[in-house]
Amino acid sequence: MMSIRSLAGACLSAFAALGAFAVPASAQNYPTRTITMIVPFAAGGPTDVISRIVTAHMAQTLGQSIVIENVVGAGGTTATTRAARAANDGYTLITGHMGTHAASVPLYPKLAYHPEKDFEPVALLAGTPILILARKDFPPKDLKEFIAYVKANAEKVNAAHAGIGSVSHASCELLNSILDVKPVGVPFNGTGPAMNALVAGQVDYMCDQIVNAVPQINAGTIKAYAVATPERNPSLPNVPTTAEAGLPAFQAQAWNAVFAPKGTSPAIIATLNAAAIKALDDENVRKRLLELGSVIPQPANRTPEALATLVKNEIAKWTPVLKPAS
Ligand code: ASP
């Protein structure tokens with residue numbers, strides 16, 4: 001017969017063994033090598049910039065490098081498909097956004113992934129207000145003139161975007177539907193290159209996430225007609241809101257967030273989420289994000305569960321807006 005002591009010992013080792021099964025060794029030591037963060041757009045755009053700022057800090061916390069891989073095409077859906085199919089071991093992640101993880105759903109009937117079913121949400125990194133921007137010599141001086149101009153010149157004007165389903169595309173679809181105009185769309189691999197074309201005067205206007213625009217607006221290389229949020233942005237105190245400028249119906253704020261392939265272990269997701277939160281609380285990271293106009297998520301919005309809810313709500317919000325346009 002087993003003594004009480006050896007019975008207790010046996011139970012303990014059984015618990016220890018169970019514990020070892022509950023958290024696989026790979027998750028316990030995670031991360032032991034370089035992590036790849038897929039950015040679904042070209043370098044220099046908002047998704048790339050936000051990813052680089054936050055992952056540089058996360059890498060310090062995790063003790064491993066995080067390498068950014070820009071994978072472009074099809075409005076970010078090429079990269080997102082690749083991330084969905086990657087090994088769910090925590091070594092391939094993606095910085096998605098309102099386009100890849102919401103707007104693309106109604107726009108691509110044959111989308112090869114579903115944002116809710118094929119990913120584990122990790123952490124929201126930033127909210128990014130949308131601005132209506134134009135080349136600096138575009139004739140309209142303010143938003144009222146812009147509206148009149150694009151309506152009067154509907155056949156001639158063009159709008160840059162980062163591919164069908166990208167934030168720049170989806171948010172300008174909303175703007176264009178409110179104005180009832182259909183400009184010629186000019187697709188790029190990201191709003192980094194689209195911004196270069198706007199600065200060079202090769203395209204007329206664009207709706208973009210604020211992060212890309214602040215340095216250019218401050219340098220006077222492009223025009224900003226309005227920010228599509230209820231309040232002005234502290235980084236651009238002279239840019240009116242769409243409500244102030246006469247178009248209250250146009251409200252749009254995008255976001256960027258980290259996702260892992262479905263089935264990534266809860267322990268790995270928790271490790272990554274904690275590293276992302278630590279980055280968002282770092283003074284230098286905050287300063288850089290705020291200078292570029294980003295909205296840093298409040299603590300309640302930083303959990304994987306909150307990100308899951310955001311994705312669900314954003315799909316529900318954008319589907320009726322974009323369905324008729326597809
Ligand atoms: N903002 C994306 C980028 O980082 C493109 C987009 O969704 O419009 O380039």
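You'll find the structure just up there.
Just so it is clear, the model here is predicted, and its values are computed rather than measured. (Residues numbered from 1 in each chain as written. Predicted model: local features only at pLDDT ≥ 70, side-chain atom pairs only at ≥ 80, totals over all residues. Heavy atoms only, no water.)

Asks: Teacher, can you tell me more about the pairing of strand S8 (residues 222-227) here?
Replies: If a strand is regular, its side chains alternate between the two faces of the sheet. The buried fraction of S8 is high, at five of six residues. Judged from the five bridges that link them, strand S4 (residues 119-135) and S8 form a sheet pairing that is antiparallel. Bridge pairing in S8 links Ala134 to Lys223. (Buried < 20%, exposed > 50% of the residue type's maximum accessible area, 1.4 Å probe, protein only. Helix = DSSP H or I, 4+ residues; strand = E, 2+ residues; numbered from the N terminus. Pairing = 2+ DSSP bridges.)

Asks: What is the right way to read the state of the cysteines from this model?
Replies: Covalent bonding between the sulfur atoms of two cysteines is what defines a disulfide. Scanning all chains against the criterion turns up one disulfide. Here Cys172 pairs with Cys207 through a disulfide, and the sulfurs are 2.1 Å apart. The disulfide joining Cys172 to Cys207 has a torsion of about 75° about its S-S bond and is therefore right-handed. With Cys172 in helix H7 (residues 167-179) and Cys207 in strand S7 (residues 205-209), this residue pair connects regions lying 35 residues apart in the sequence. (Disulfide = S-S within 2.5 Å.)

Asks: Could you clarify how one ought to interpret H7 in this entry?
Replies: It helps to recall that an α-helix has 3.6 residues per turn; residues three or four apart then point in one direction. Between the first and last C-alpha of H7 there are 18 Å, a value that for 13 residues agrees with the 18 Å anticipated at 1.5 Å per step. Burial runs high along H7: 10 of the 13 residues are buried. Among the residues making up H7, those that are buried are Val167, Ser168, His169, Ala170, Ser171, Cys172, Leu174, Leu175, Asn176 and Leu179. Once H7 finishes, Asp180 follows within two positions and takes phi at roughly 60°, a positive value. (Expected span 1.5 Å × (residues − 1).)

Asks: Sorry if this is basic, but what is going on with the pattern of salt bridges here?
Replies: If the charged atoms of two oppositely charged side chains come close together, the side chains can form a pair. A full pass over the atoms with the stated rule returns 12 salt bridges. In this structure, Arg232 and Glu244 form a salt bridge, with 2.9 Å as the shortest nitrogen-oxygen distance. In this pair, Arg232 is assigned in the loop between S8 and helix H10 (242-245) and Glu244 in helix H10, connecting sequence segments 12 residues apart. Across the pair Arg302 and Asp281 runs a salt bridge, and its minimum N-O distance is 3.0 Å. Within this pair, whereas Arg302 is found in the loop between helix H12 (283-291) and helix H13 (304-322), its partner Asp281 is found in helix H11 (residues 266-281), the two being separated by 21 residues in sequence. Residue classification places Asp281 among the partly exposed positions, given a relative accessible area of 47%. One salt-bridge network, in which partners are shared between bridges, spans Arg135, Asp137 and Asp204. (Salt bridge = Lys/Arg side-chain N within 4 Å of Asp/Glu carboxyl O.)

Asks: Please explain the environment of Ala270 as it appears in this structure.
Replies: Here Ala270 lies in helix H11. Judged by relative accessible area, Ala270 falls into the partly exposed class, the value being 45%. Remark: the alpha-carbon pair of Ala270 and Thr303, spanning 33 residues in sequence, is separated by 9.1 Å.

Asks: Which parts of the structure should I look at to understand unusual backbone geometry?
Replies: Comment: phi is negative for the bulk of residues other than glycine, and the bulk of peptide bonds are trans. For the bond from Tyr30 to Pro31, the omega torsion is -5°, close enough to zero to count as cis. In this fold, Pro31 is placed in the loop between helix H2 (25-29) and strand S1 (35-39). With a phi close to 50°, Ala74 is a non-glycine residue in the positive phi region. In this fold, Ala74 is placed in the loop between strand S2 (66-70) and helix H4 (77-85). Look at Asp180: it is not a glycine, yet its phi comes out positive at around 60°. Relative to the helices and strands, Asp180 is located in the loop between H7 and strand S6 (184-187). For Asp180, a relative accessible area of 68% puts it in the exposed group.

Geometric descriptors of this kind do not, in isolation, establish any biological role.
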